Structures are given as C-alpha cells and as structure tokens.
Amino acid sequence: MELDAKSNLKTKLNRLELNTPIIAASGTFGYANEFDDFINIKNTGAIVTKAITLQPRRGNIGKRIMETTSGMINSIGLENMGIQEFLSKIVPILHNEKINFIVNIAGSTTEEYLQLAQICEENNIPAIELNLSCPNVKTGCIEFGTKKSSLYELVRETRKIFSGVLITKLTPNVTSIGEIAQAAQNAGADIISAINTVRAMGIKLNFSEGKFNFTKINGGLSGKAIKPIALKAISQIKEVTEIPIIGMGGISNFNDFIEFIAIGADAVQIGTANFTIPTICEDIADELSKFIKTNGFKSFEELKAKIREDFNNG
Amino acid sequence: MELDAKSNLKTKLNRLELNTPIIAASGTFGYANEFDDFINIKNTGAIVTKAITLQPRRGNIGKRIMETTSGMINSIGLENMGIQEFLSKIVPILHNEKINFIVNIAGSTTEEYLQLAQICEENNIPAIELNLSCPNVKTGCIEFGTKKSSLYELVRETRKIFSGVLITKLTPNVTSIGEIAQAAQNAGADIISAINTVRAMGIKLNFSEGKFNFTKINGGLSGKAIKPIALKAISQIKEVTEIPIIGMGGISNFNDFIEFIAIGADAVQIGTANFTIPTICEDIADELSKFIKTNGFKSFEELKAKIREDFNNG
Amino acid sequence: MSVKIFRKIHTGKVVELTQAADNLFYIKIYAKNFEIVPGQFVSILCGDLTLRRPFSVMDIDKNTFTILFKTKGEGTRYISNLKSDDKINFTGPFGNGFNIENKKSLLIAAGVGIAPIYFLRKELQIRFIENKLIAGFLNKFCIPKNLDIDLITTDDGSFGKKGSVIDCISEEIIKFNPQKIYACGPLIVLKNICEKTLNLKIETEIAMEKEMACSIGVCRGCVIELKNGKNATVCKDGPIFKGDEIKWN
Amino acid sequence: MSVKIFRKIHTGKVVELTQAADNLFYIKIYAKNFEIVPGQFVSILCGDLTLRRPFSVMDIDKNTFTILFKTKGEGTRYISNLKSDDKINFTGPFGNGFNIENKKSLLIAAGVGIAPIYFLRKELQIRFIENKLIAGFLNKFCIPKNLDIDLITTDDGSFGKKGSVIDCISEEIIKFNPQKIYACGPLIVLKNICEKTLNLKIETEIAMEKEMACSIGVCRGCVIELKNGKNATVCKDGPIFKGDEIKWN
Ligand SMILES: Cc1cc2nc3c(=O)[nH]c(=O)nc-3n(C[C@H](O)[C@H](O)[C@H](O)COP(=O)(O)OP(=O)(O)OC[C@H]3O[C@@H](n4cnc5c(N)ncnc54)[C@H](O)[C@@H]3O)c2cc1C
Ligand SMILES: Cc1cc2nc3c(=O)[nH]c(=O)nc-3n(C[C@H](O)[C@H](O)[C@H](O)COP(=O)(O)OP(=O)(O)OC[C@H]3O[C@@H](n4cnc5c(N)ncnc54)[C@H](O)[C@@H]3O)c2cc1C
Ligand SMILES: Cc1cc2nc3c(=O)[nH]c(=O)nc-3n(C[C@H](O)[C@H](O)[C@H](O)COP(=O)(O)O)c2cc1C
Ligand SMILES: Cc1cc2nc3c(=O)[nH]c(=O)nc-3n(C[C@H](O)[C@H](O)[C@H](O)COP(=O)(O)O)c2cc1C
Ligand code: FES
Ligand code: FES
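Here the structure is a predicted model, which means the values were calculated and not measured.

> Sorry if this is basic, but what is going on with the overall build of chain A here?
For chain A, the count of helices and strands is nine helices and 16 strands. Along the longest, intermediate and shortest principal axes, the C-alpha atoms of chain A span 65 × 50 × 40 Å. Within chain A, the fraction of its 314 residues that count as buried is 65%. Contacts spanning at least 24 positions in sequence make up 68% of the contacts within chain A whose residues lie at least 6 apart. With the model as given, the accessible surface of chain A reaches about 10,900 Å², and the carbon-plus-sulfur share is 48%.

So this is what it looks like as structure tokens:
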C-alpha cells in the first residue's frame, strides 16, 4: 500500500526529491528491501544505505552494541560488502523495486572518498551522503568531519567529481559544528545532514567471586538520549547556512519530527528508532499526512512554513 | 551521624583531602548546608559550591530548566550572590559546620577569573574549581574551555596567584578533550574535573487552535543520558594526563560510581541525581563503605587498585 | 552504618487512587507523622524520571494526606497508574504556605488550582474564619467530585454559572466584601485577579507554579522576578506570594 | 490511510505469567495465527527501552505461544511485571530455526537454554524421531517446573545427577549413541560440547545468543566469526549454527 497521494508529503531539498520528509538513516535500515517485512519502503522519503567503502570490510570484532539509558552505543566498524558488490547486487534491487535511495560512503583517506564518488558518478547513483565520522588514517585517525579545512577540501574535490545530489553528514563531536557546516556549504554540498552518533563509551560491570568483570564498548551514541544534542547542533547549523538540512538524532515520534522541522530541518532521518519500532518511518509519515489533512493544510510545505513561523514568533 | 570511621573512604587527590570519594557537584547542592534536611553533609567528600562570579548576577529570565529523556537541560545563567557576599555570609557557615568545600568560580573575562582567584587566595579558600564552560565575552563568547591556548593561559595565570588546590573543570563540547586536559595539566592544574554539561536544546510543543506553541531552552544537558559521553571523555583525559581526575556526568548509583573509577576517575561528583534522590551522595558512600567491608578490602584506595587492575585486564 | 534520619525524604504508601473528574485523580497517601500546611507542596519521584513532580497537598488527616492531580505528561501518568499499597517516594514539605489571618477571606480557584485552596479553606473553617470559595472549571466534566464549593463557574455553562471564574470576581468582591483574597490557578488567571485586587487594594495571596528541579532553593530553576527587582524561587520563597509583589510580563 | 499489513510486527496479549523457578518465568502470549518453528525467536518491546529483547519460543499452541525467561536486567524485569490481558508488542519470527532430520537425536540444554530445545523436542516427538533430553541447572531451585526431561544434572547435586551437564555428555553419547546433537546454553557450555562432538564427528546444531538491535540482519550488531573467515549474524544467519562452523575464542 502506498501513502495516499492526496496527503501530499512530497518534499524537494535542492535536487533531492522525496515522497515524504522521513528518511531511513544509514546503518539502521540495511541496503535495500530488508524492512519489507515491516513497511512499504516506498513510503519512506528515501533510504540511506549502510556505509559503503571501497573494499569490503569485516568490521570490528567482539561486542558491537550496548544499550545505554535511553540510547545505544554501536561500534560496528563499517562492516560492509564494498562498493563493487553493492553495485552489482544491491543497486539492481533498488532500481527494480523503485526504492528512492541515497548511498552513504565512507573512507579512510581522501583518495578513497574520491574514488567512491567517482564510481558513484560513473554508475549514475542519484545521491550520496558523505559519512565524515570516519577516522582519517593519514592524520592520526582524527575524524574527517572535525577539521574544517580538510572537510572543505574533501567536499570540494567530491563536488568536482560527483554531479548527483551531494549530502554532507556531520559529526557532533566538534567544538563548533556551525563552522564545519559553513565549510561544507562553501565547498559545494547540496545538503547537510546531521548528526551522526555522539562519541561515547559504555561499560557493564559485574562483580562475582572477588573479581570485577567489565564489558566495555567505545563507539557512537544514538537514540532518544541524544535528541537535545542533535536539536542544538541543527539550530547551530541553521544559523550559519542556507542549504537544506536533513536533521536526525533520537527522533522517535511525530512530535520529535515537528521539533526538528521547527529548528530548521527540511527533512529528517530516523535511525535507532527503526530498531525499537520497525514501522516508525511509515508511522510518522502516516501521522503527518493525517495531521496535514485534519488541520487544513495543503501540503507538508505549507505546514512547514506554519511551524517555522510559529516557532520563530514564539 | 558520621560515616563509620572504620569504613575508610578517605581519599587524597594531590593535596585535596576527602572524607569520601563522592563530591556534590556545583550548581546542584547550593552553597553550604542546604541539603541538611536530607543528609549529613560531612559525609560527602566535599561540596562544590554553585558558581560564583565577581559581581552578583541575576541569571537568565524565563524558562531555566526542562526535563528531557533521561536527563535535563539547565540554563540558569550563573545567578549567584557574587564573591563578596559569598565570603561574608557563606564561608563562615562552611567553616562553622566544618563542611569540606571547593569554590566553583566563573568569569566572562580572564581578568575576572584572576581577580576571583586572587580574592580566594587572600581569603584562604582551600580549593577552587575553574568553571570553564563560560563564554569569553572578549572572543565573541566562545567558551573558555574550548581553546587550548586560552585555557592554558588562564590556568597558568591562576596557578601563579592561587596556592590552594586548583581544579580545572572541562567542558565536553570540544573536538578533542584530551588536548584540553593536557593544556590544563601543563599549566599547573592540580586536578581535572569533567564533564560539565553537554550543549543542548530542548523544545516542548503543543498544537492548539491551529497554532503551534513552542517552549524552548538552550542550555546544558545533564543526567543519566550523558553518562556514556562522560565516560568517554574521562577515558580520553586519562589517556594523556597524570594528575588526578574527578569524574562526573550522569552518575546516579553505585555501579555508575565504579564505572567512573574503572576508567580513571579518582573521585566523582554527583549533580543532577541530587535532585532525583537528594540522599544519593550519602547513599553511594554507604554502599561503597559496605562493599569495601563485605569484600575484605582495607580501604577505598585498595578497592580502587583492584577495580583498575580488573578493568585493564578485562 | 548508623541509622539516618532524613527529615524531608519519605516513603509513603498509596491508600487509594480515585478518579475525581476527567483526567483528574485524588491520591491518598499514607505517611506516618507527616505534617504539612496549606500552600506547601511535596515532590514525587515518578519511576525513572529525572525530575520529581511537585504537588500541593489538598487535604491531610492523621497519617495520610491527599493530592488532587491532573494527568498531563509522563510524571502524572506514572502516578495515575499507581495501585493501592504501592510505595511512593516523596520529599517535602516544601515552600512557605499561606499566611492564615483572621480576616474574611474570598478563596478563588481555577481548575486543579482548587487543591491548595481547598486545604486552606479547611484550615479557615477550623479556625472559624469567615470565607467563601468560588471555583471555575472548563466544563462539568472537569469538576472534581465530592467537594464543597460555594460557587462554581464553567466556561461552557454546563454546570453552575457560565463563564470564567474571573468574570464574576468583581461581583463577588462587592457582594462578599472580603478583607483578604487567596487564589490558585493558571498564570493568566492569577495575573488577572491580582490586577483587580491591586486596584481595589485588597490583600491577596496567590500560589504560583514553575518547573522545579531541587524544590529547596538551590538549583535556581524555578525563579520568578519580583517587582522589587529581586529574584524569588517558587519552591522556597514561594509558592505563595503576595499578589502585589510579582512582576508579570 | 490504507490499512497496513505488517508481517512481522505483532500485538499479542498476555494470557498468563507463571513462575517457573527462581528468577524464571513462563509467559504465555496470545497472538492469532502467529507461527514459528523451533530455534526461531521473537523480539519483545519492553516499555521505553531502546532495544527489543530476543527470546526463543518454547512452546506453541493454537494462537498462543510460550516463552521461558530468566530475569536479568531491565527488559526481563519489565516482562516479569506484565499481567494477564496486558498487551505485548513483539516482532518475529526471526532466525533460521533448527534443521529437523530423521536422526536419533541427543538434546542438551543448560539453564534457560532449555527453552528452544524443549520446543524442538516436542517437534521431534510429533515426528516420532527418537530423542533424549538432558539438561543441567545450577541447583534444584533453578529447574523450571512441569517439564519432561530425561536426565537432569545440578551443579550442587541438589537434584538429579551432581555436576555440570557437560560432565555427562561423553557417557550419554556412548549410552544413547545419537546421530545428531542439538544444544543450547551458555557460550562456554556450547564450546565444550562442540569440541567433544567435533572429535566424535557427530553432527551438531547449537543455538547462539548475542546482543541484538534489529533482529533482521541489517545492523550487524550480533555478528560472530565463522571458521571459514566470514561473519555471520546470529539473528538472521543463526541463531542456529552447525557446531563445527563457529570460530571460538
Ligand atoms: C508548587 C506546585 C504545586 C502544584 N500542585 C499541583 C496540584 O496540586 N495538582 C496538579 O495537578 N498539579 C500541580 N502542580 C503542577 C504539576 O507539578 C505538574 O502538572 C506536573 O509536574 C506535570 O508533570 P508531568 O510529567 O505529568 O507533565 P510534563 O508536562 O511531561 O512535565 C514535564 C516537566 O515539566 C514540569 N511541569 C509541567 N507542568 C508544570 C506545572 N504546571 N508546574 C510546574 N512544573 C510543571 C514537570 O514537573 C516536569 O519537570 C503543581 C506545581 C507546582 C510547582
Ligand atoms: C536468539 C536469542 C534467544 C534467546 N532466548 C532466550 C530465552 O528463551 N529465555 C531467556 O531467558 N533468555 C533468552 N535470551 C537471552 C535474552 O535475550 C536476555 O536475557 C535478555 O535480552 C536480557 O534483557 P535484560 O534487559 O533483562 O538484561 P540486560 O542485561 O539489562 O540487557 C541489556 C542488553 O543486553 C542484551 N542482552 C543481555 N543478555 C543477553 C543475552 N544472553 N543474549 C542476547 N542479548 C542479551 C539485552 O537484550 C539488552 O540489549 C535469548 C537471546 C537470544 C539472542
Ligand atoms: C547500528 C548503527 C549503525 C550506523 N551506521 C552508520 C553508517 O554506516 N553510516 C552513517 O553515516 N551513520 C551510521 N549510523 C548513524 C545513524 O545514521 C544516525 O546518524 C545516528 O544513529 C543518529 O540518529 P538516531 O539517533 O536516530 O539513531 C549508525 C547508527 C547505528 C545505531
Ligand atoms: C541546575 C544545574 C546547575 C549547574 N550549575 C553549575 C555551576 O554553577 N558551575 C559548574 O561548574 N557546573 C554547573 N553545573 C554542572 C554540574 O556541576 C555537572 O558538571 C553536570 O551537571 C554533569 O553532572 P550530572 O550529570 O551528575 O549532573 C550545573 C548543573 C545543573 C544541572
Ligand atoms: S526548584 Fe530548585 S530553586 Fe526552586
Ligand atoms: S541484530 Fe542486527 S544484524 Fe543481528
């Protein structure tokens, strides 16, 4: 079942066309039709595929996820099939099933990002999202997204190569996300998405027979706990940029969605909440559609204008 | 009632002597004996008084606190009585009641911090905590604690003036907290405390009669939600510094306390949890004391060594 | 460890929870020897929530007290799901309480603001202080049951007098000629009342509300501005303020 | 909106929750037409918790199924507080399930690992496949009630044979001479069993556990390493694995 056409949730962010402003976030929705068991994927705005690297990667060994208070930490380590297998096995499915998709790419060097962008360009990938939370092995493993100069460089070079929609995904683990966002905009990004996970550590302890047993995980925090951090980050980005923003971080219901739109997001992504309520992307779209109709708005665009107006006046 | 002397929770961090390793955090415990109704304050390691500025301050107007999922945002705006009234009205109480205390100081310019340090020196304040989450009005309101050069400068100058225990409290809102911690150590801080609140924004919305009503707050996030962020920050600080660390951020029970000790904290502070369970500082000390006795340790020092050993081997 | 005596932290027990009206409940709590005066409040721990929820006490009896609460968000939902015999962790008493004087008093309540006013009224009755209680509600489904109220108004006229409680204050003042007014209700109602009584120079006390974290004056989260230019905490300096000391914006 | 049909998200209803042993409960859930095979699992939404909790199914009947669970942390505490008629949101069925073959089978369970094994046993009985079920527990208070188990061991000897279930496997293999072994229990027990059966070249299937987020193979959170050098997800490629394909460390 497709969303009622009349509901008019269609959204355009620069050249990116979306059926609904609710997108499934990278790493939480698989590569293509994995959520078929739960929802009609065509009713998402788009899906962002799990981060793809140049070569296949095994990912981290040991503990990869830990629940924390109102959130979770993940340390998957970019396990993925690599761009070649992605192109040959997954992209055909995406095309066949007419799933609107954005390819999240990750590298350990600038060159890797550029090669990935090149391959995406050659294969007519419509949109890519640069995952800049990856450590740059050439600069002592500092995340790409934390230095504005290197980020600028990376986005600018990618822009030269890639003609599709270029989304830059920012990490919140910086002193000033506004500066970083500006660099991304100046370098030619079409859209900014934020936030990626928050740098975190989780520990579980257990004391038995006179000994402490600790399980630990270093990774990225996501889920409801980070929503206030995400809202702040996005409001900071909005303050200094003009390009569209895709907001995310802890969104788990319709109210959360409205909050993100209010502070400046033009669309949102949903990550962790897909695990909790696997129908959430469609549920929020449904509620949005109903809300628009019940309250006499013509479209999401009109509702968005009203939300922004009321927010800025209140 | 004082804690059982045999329990031996006494802790020494450099020159800072504590009855227990559990300290009440600044801004959440008042100035002196306000928690008398709930606990015997002498059973805390120390109390860190609410941030004091040179002049009295009115603080922010409007909404100052908002609960968020597993946490809260505060935007008190440094309301306080100013150092002079603090010295004349509060310090005598602290002395009379033999409360071990640390004075948290805050300024809008380097000069203000130095004047405060000077006044504390002249008045024999035993320990100060530099609250570096304050915006520096001279540099476009960037927080003092976010630039390592200016932080270094500030701590070094304070060190020259103040001969008591100098604690530097770090903000988590930086790209690399390790670098900042190193600067604090190099500048002569005796102890590092971390983390202050996480930059955040809270929104409550309500739709009625065709209009959205938003309540918003920009401030600092604290409480359980930030614990994984705090643990990570402290482990990063521990990696690159040698001076003692006072850890905090979302601690609300005995297990949390052990986790912070495991990753490198030598003592902890408890903030938000004082609001939830106003006896928490004493409750955790009690549990710690019992744990030490039940499991055959001689002292907290010995337990700490065991925790660290098991953590580093596990 | 030696036994601690915490004066202001208590573990009570739910005696019973009863529906008072739409989204409105009475909860009666057993707490041995707990004492509190009209206008003071307690702060209830609600499951895993970070902040305790403040509630005025509406009635007190030997070893029990009663709260009237409206379900709003997570905290009140938690309380409304409590069952008889469940434990309830609360702190208090907090705040200053009403100043009870031997003056003919008009008591004005709007909505759930009836709670502290009703407790005050009981105290006035005990002391034989002449008083009249008027209360306004949205509609008849919002009127808490089993209360003895002298005049009820409803916005939609579905019970009692039609209109807002504010509308009939002037008339009531003329009719009853009180020496003192006590009021509790939404901010806008209180502001309105205070403007009227300030003009008429009738001594007024109002019960304020603001988000709270500590309930004891240390976090400075619940601060309001006074006309004298000072800040006051609702939790400790209030929640009862003189009608003419508050700076309304 | 058009009506959605979600194949794998369900709202069941608690039929009853009964204590099975110390910290061990059976929960019987009503879920119309829900189907699942031995070794597969469901993931239960536990209040406000971020991650669903995975549980094997122990028994299935017309429109109901039963889980045996051990209380451990917040999630299982939530489930243990459910009451009859409460709604329960679960997803599934997930995972591959055991390969049922017409082979004489020895079933080995340790602790709460009995759950999927018991469901498998029922299926084997229905198909008249010869089998023997042995199960080990810490002590007599840990043995779930009302189960039909051929041989029970307890670590402290308080019931059945004294010792770990591992200790008697070699003997049981000799006595029973199974063509196939199925096992579920703590990692260390499974590792031990697999080492034995690998040596004896007896086909073995084991049910694995690992923390899960998505339950459908997309988050890569529950990955384990196989001997062939590949990663496998416990949720989708498993939870049932061949004893000789897992890389133990
Ligand atoms: C001194 C005092 C006495 C009160 N007495 C009563 C009473 O007798 N009966 C009654 O029904 N209500 C009373 N209230 C209001 C009551 O505290 C709130 O309705 C309640 O906290 C809402 O919690 P929630 O989680 O259900 O709502 P949410 O809106 O989800 O709460 C979110 C946060 O906002 C705070 N909050 C929300 N509304 C208010 C409010 N009106 N005042 C203060 N904080 C608020 C909550 O405490 C919480 O921290 C009183 C408030 C104060 C300050
Ligand atoms: C496929 C599968 C089938 C299972 N079948 C059963 C069963 O039939 N009966 C039963 O009692 N238990 C079973 N478990 C284990 C059960 O999932 C955990 O005991 C439960 O998740 C603990 O949740 P908690 O919140 O109570 O504990 P906590 O320790 O607080 O949980 C914290 C986090 O760790 C995860 N976790 C903790 N222990 C385990 C574990 N052993 N396996 C996987 N994740 C874990 C939780 O899901 C949660 O995300 C199964 C696990 C898996 C993977
Ligand atoms: C298990 C998991 C895997 C993730 N993998 C990726 C990834 O491959 N690429 C990426 O850019 N972000 C990844 N993320 C981050 C999310 O896309 C999202 O930015 C973040 O989780 C915040 O949103 P949320 O709170 O809604 O989950 C991952 C998150 C989770 C929880
Ligand atoms: C209401 C409130 C006021 C605070 N005021 C101060 C302050 O004056 N000075 C300071 O250094 N930190 C202040 N903090 C930060 C705390 O001391 C602590 O660093 C932070 O809240 C994290 O710890 P927690 O999660 O245990 O609360 C305040 C925190 C809260 C919640
Ligand atoms: S609630 Fe903390 S000062 Fe009033
Ligand atoms: S739980 Fe997500 S891959 Fe298995």
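> Which parts of the structure should I look at to understand the interface of chain B and chain C?
Accessible area lost upon the coming together of the parts is a frequently used measure of interface size. Facing the 38 residues of chain B at the interface are 33 residues of chain C. Considering only the side of chain B, the residues that lose the most area to chain C are B:D37, B:F38 and B:E67, jointly responsible for 21% of the buried surface there. Counting every contact that joins chain B to chain C gives six salt bridges. Here B:D37 makes a salt bridge to C:R7, at a shortest N to O gap of 2.2 Å. Mapped onto the side of chain B that touches chain C, the elements with two or more residues apiece are β5 (65-68), β6 (71-74), α7 (273-276) and α8 (280-294) of chain B. If one sorts the elements of the side of chain B that touches chain C by residue count, α8(B) sits on top with five residues.

> Could you clarify how one ought to interpret the interface of chain B and chain A in this entry?
Each partner contributes to the interface: chain B provides 44 residues, whereas chain A provides 44 residues. For the pairing of chain B and chain A, the buried interface totals around 4,100 Å² over both sides, and the portion due to carbon and sulfur atoms is 65%. Interface area lost by chain B to chain A is led by B:T175, B:R199 and B:F212, which between them contribute 16%. At the boundary of chain B with chain A, the tally comes to zero salt bridges.

> I tried to follow the relation of the copies chain B and chain A on my own but got confused; where do I start?
Between the two copies of this chain, the relationship is a rotation about some axis together with a displacement along it. Rotating chain B by 180° and translating it 0.0 Å along the rotation axis places it on chain A, where the RMSD comes to 0.0 Å. Accordingly, the operation relating the two chain copies is best matched by a two-fold axis. The overlap is high: 100% of the interface residues of chain B also sit at the interface in chain A, so the same surface is used on both sides.

> Help me out: how do you make sense of the side chain of A:R64 in this one?
Within the secondary structure, A:R64 sits in the loop between β4 (47-52) and β5 (65-68). A distance of 3.0 Å separates a polar side-chain atom of A:R64 from the backbone oxygen of A:R58. Here A:E79 takes part through its side chain, which lies 2.5 Å from a polar atom of the side chain of A:R64. Look past the residues within four positions of A:R64 in its chain and what remains in contact with it is A:R58, A:G59, A:I73, A:N74, A:S75, A:I76, A:E79, A:I217, D:R220, D:G221, D:V223 and D:N231.

> Would you take a moment to explain the site of ligand 2 for this structure?
Lining the immediate surroundings of ligand 2 are 21 residues, of which D:P54, D:K72, D:G75, D:T76 and D:E209 lie closest. Mapping the residues adjacent to ligand 2 onto the chains of the assembly identifies chains A and D. Separating an oxygen atom of ligand 2 from a backbone N or O atom of D:G73 is a distance of 2.7 Å. Between ligand 2 and D:E209 there is a distance of 2.6 Å, counted from a nitrogen atom to a side-chain nitrogen or oxygen.

> What should I look at first to understand the site of ligand 4 in this one?
All names here are of chain B. Inspection of the region around ligand 4 gives 21 residues, with S26, N104, K169, G250 and T272 positioned closest. With respect to ligand 4, the backbone of I195 contributes an N or O atom lying 3.0 Å from an oxygen atom. Within the side chain of N196, an N or O atom sits 3.4 Å from an oxygen atom of ligand 4. If ligand 4 stood free it would expose 600 Å²; the protein chains cover 97% of that surface. In the shell around ligand 4, the residues fall into five nonpolar, 14 polar and two charged.

> What exactly am I supposed to notice about the nonpolar core here?
A general feature of soluble globular proteins is that nonpolar side chains tend to end up buried together. Among the nonpolar cores identified, the biggest contains 282 residues, and A:F86, A:I128, A:F257, B:F86, B:I128 and B:F257 are the most heavily contacted of them. Ignoring any residue separated from it by four or fewer positions in sequence, one finds A:F86 in contact with A:Y31, A:T49, A:I52, A:M81, A:V91, A:L94 and A:V103.

> What should I look at first to understand the sheet that holds strand β4 (residues 53-56) of chain D in this one?
The strands making up a sheet associate through hydrogen bonds between their backbones, and the pairing can be parallel or antiparallel. Residue and element names in this part refer to chain D. An order of β4-β3-β7-β1-β2-β6-β5 is seen for the seven strands of this open sheet, with the pairing classed as antiparallel. Unpaired on one side and paired on the other, β4 and β5 (59-61) mark the two borders of the sheet. The mean inter-strand angle of the sheet, taken between neighbouring strand axes irrespective of direction, is 35°. Where β5 and strand β6 (residues 64-70) come together, three bridges link them in antiparallel fashion. Across the sheet, residue D61 finds its bridge partner in β6, namely T64. Together, β4, β5 and β6 form the strand contacts of helix α2 (residues 114-126), whose direction differs from that of β5 by roughly 50°.

> Any chance you could explain the pattern of salt bridges here in plain terms?
As a working rule, side chains carrying opposite charge can pair if their charged atoms are close by. As enumerated under the stated definition, the model contains 70 salt bridges over all chains in all. Its salt-bridge partner being A:K63, residue D:E211 comes within 2.6 Å of it at the nearest N-O pair. Separated into two different chains, D:E211 in the loop between β13 (203-207) and β14 (223-225) and A:K63 in the loop between β4 and β5 make up a pair that spans both. The exposure class assigned to A:K63 is buried, which follows from its relative accessible area of 19%. Measuring nitrogen to oxygen at the nearest pair gives 3.2 Å for the salt bridge that ties A:K306 to A:D310. With A:K306 and A:D310 both in helix α9 (residues 300-313) and four residues apart, this pair spans about one turn of that helix. We note that A:K306, like A:D310, is buried.

Quick notes on the rules
Residues numbered from 1 in each chain as written. Chains lettered and ligands numbered in written order. Predicted model: local features only at pLDDT ≥ 70, side-chain atom pairs only at ≥ 80, totals over all residues. Heavy atoms only, no water. Helix = DSSP H or I, 4+ residues; strand = E, 2+ residues; numbered from the N terminus. Buried < 20%, exposed > 50% of the residue type's maximum accessible area, 1.4 Å probe, protein only. Contact = heavy atoms within 4.5 Å. Areas by Shrake-Rupley, 256 points an atom, 1.4 Å probe, with all protein chains shown as cover. Buried area = accessible area lost by both parts, 1.4 Å probe. Salt bridge = Lys/Arg side-chain N within 4 Å of Asp/Glu carboxyl O. Least-squares fit on C-alpha atoms with pLDDT ≥ 70 in both. Polar contact = N/O pair within 3.5 Å; in protein donor to acceptor, adjacent residues only side chain to side chain. Near = heavy atom within 4 Å. Nonpolar A, V, L, I, M, F, W, Y, C, P; charged D, E, K, R; others polar. Core = buried A, V, L, I, M, F, W, Y, C linked by side-chain atoms within 4.5 Å. Pairing = 2+ DSSP bridges. Axes fitted to C-alpha atoms, helices over the stretch in contact; angles between N-to-C directions.

No statement about biological role is implied by the geometric values presented.
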